[in-house]
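Examining the three-dimensional arrangement
So the chains spell out like this:
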Amino acid sequence: MGAGQMAEAIIRAARVNPALTDAQFSIEDIDAERVATLTHTYALSAQTPDSALANADLVVIAVRPQDDIPAVAQRINQLASAHSTVVSIVAGVTLAQLTALLGETRAIARVIPNTLTDTGYGYSGVTLNQRAQAEKLDGFFTAFGKVLYLEERLIDVFTGFGVAGPNYIYPSFRT
């Protein structure tokens, strides 16, 4: 859910994973033109959004933090299977906040991918709630790079030290 740059980067990288096919991906967004463009460009599933959500094993929330996340969660709760795992790439939205919106019984993963995601050489920090299982998610996450599972309290550290954030180096040469 969400068809922005990061969602496209994940799709672009995941397409090279032989375990995932283009038809397994479907996009939903408020921008119908963006959905049409990505669906055509990547030959994605043409299922209706309701059908795609109802049949999804994995639902990725890829909207901006300022978007209406409660409405997105409500849509997931109404249509997605209780067995679907929800993966959030929304910056700053914690597992506790997601659990409050999606329910205590939902498997939820929070991932912070980096800018190299679309090359397949990214590095993502992932934290899981007690219902999510890493072995069920590894194939998806490793499709766009390396993965480090960590406690949520370390997500900001992971991001802040350049592992998932920008990789800038400013050498200082003093004589």
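Computed from a predicted structure; not experimentally measured. (Residues numbered from 1 in each chain as written. Predicted model: local features only at pLDDT ≥ 70, side-chain atom pairs only at ≥ 80, totals over all residues. Heavy atoms only, no water.)

Further remarks concern the pairing of strand β5 (residues 145-149). As paired elements, strand β4 (residues 122-128) and β5 share five bridges and run parallel to each other. Among the inter-strand pairings, Gly122 is bridged to a residue of β5, identified as Gly145. Handedness of the crossover joining β4 and β5 through helix α6 (residues 134-142): right-handed. (Pairing = 2+ DSSP bridges. Helix = DSSP H or I, 4+ residues; strand = E, 2+ residues; numbered from the N terminus. Right-handed = clockwise from strand over helix to strand, strands pointing away.)

Okay, the packing of helix α1 (residues 5-14) against helix α2 (residues 32-42) next. For any two helices packed against each other, the geometry is given by the interaxial angle and the distance between the axes. Where α1 meets α2, the closest approach of the two axes is 12 Å, and the angle between their N-to-C directions is 10 degrees. With respect to α2, the element α1 is oriented roughly parallel. Crossing handedness for the pair α1 and α2: right-handed. Touching Gln5, Glu8, Ile11 and Arg12 of α1 are Arg34, Leu38 and Tyr42, all from α2. Split into classes, the residues belonging to the contact of α1 with α2 amount to three nonpolar, one polar and three charged. (Axes fitted to C-alpha atoms, helices over the stretch in contact; angles between N-to-C directions. Parallel < 35°, antiparallel > 145°, perpendicular 65-115°, else oblique. Left-handed = near helix turned anticlockwise from the far one by under 90°. Contact = heavy atoms within 4.5 Å. Nonpolar A, V, L, I, M, F, W, Y, C, P; charged D, E, K, R; others polar.)

Moving on, we get to the layout of surface pockets. Of the volumes computed, that of the largest pocket is approximately 1,100 Å³. As for the largest pocket, its lining consists of 38 residues, of which Gln24, Ala56, Asp57, Leu58 and Val59 are closest to the centre. Taken together, the elements giving at least two residues each to the lining of the largest pocket come down to α1, α3 (49-55), β1 (58-61) and α6. Grouping the amino acids of the lining of the largest pocket by side-chain chemistry returns 21 nonpolar, 13 polar and four charged. If you add up the space inside the second largest pocket, you get close to 540 Å³. Along the wall of the second largest pocket there are 25 residues; nearest its centre are Gly2, Ala62, Val63, Arg64 and Asp67. Of all the elements in the fold, those that place two or more residues in the lining of the second largest pocket are α1 and α4 (69-79). Each residue belonging to the lining of the second largest pocket can be placed in one class, and the counts come to 15 nonpolar, three polar and seven charged. (1 Å grid on protein atoms, 1.4 Å probe; cavity = no way out; pocket = protein on both sides within 12 Å on 5 of 7 lines; lining within 4 Å. Points joined across faces, edges and corners; volume = space filled by probe spheres on them.)

Along the chain, the position of Ser84 falls in the loop between α4 and β2 (85-88). Reaching out from Ser84, the side chain makes a polar contact with the backbone oxygen of Ala56 at a distance of 2.5 Å. Those residues within four positions of Ser84 in sequence are excluded, and the remaining contacts are Ala56, Asp57, Val59, Arg106 and Ala107. (Polar contact = N/O pair within 3.5 Å; in protein donor to acceptor, adjacent residues only side chain to side chain.)

Another point: the confidence of the model for the chain. Per-chain confidence: the chain averages 83 in pLDDT, with 83% of residues scoring 70 or above. When pLDDT is averaged over each helix and strand of the chain, the minimum, 72, is found for helix α7 (residues 155-160) and the maximum, 96, for helix α5 (residues 95-102). Residue range residues 163-170 is modelled with pLDDT below 50. Its contacts to residues more than four positions away, or to other chains, number 15 contacts. (pLDDT = per-residue confidence, 0-100.)

Attention now moves to the pairing of β2. Of the two faces of β2, the one holding Thr85 and Val87 and the one holding Val86 and Ser88 are both buried throughout. Examined bridge by bridge, β1 and β2 share four bridges and lie parallel to one another. Of the residues in β2, the one forming a bridge with Leu58 is Thr85. Crossover handedness for the path β1 to α4 to β2: right-handed. Of the strand pairs in this sheet, β2 and strand β3 (residues 107-112) are connected by four bridges, and their pairing is parallel. (Buried < 20%, exposed > 50% of the residue type's maximum accessible area, 1.4 Å probe, protein only.)

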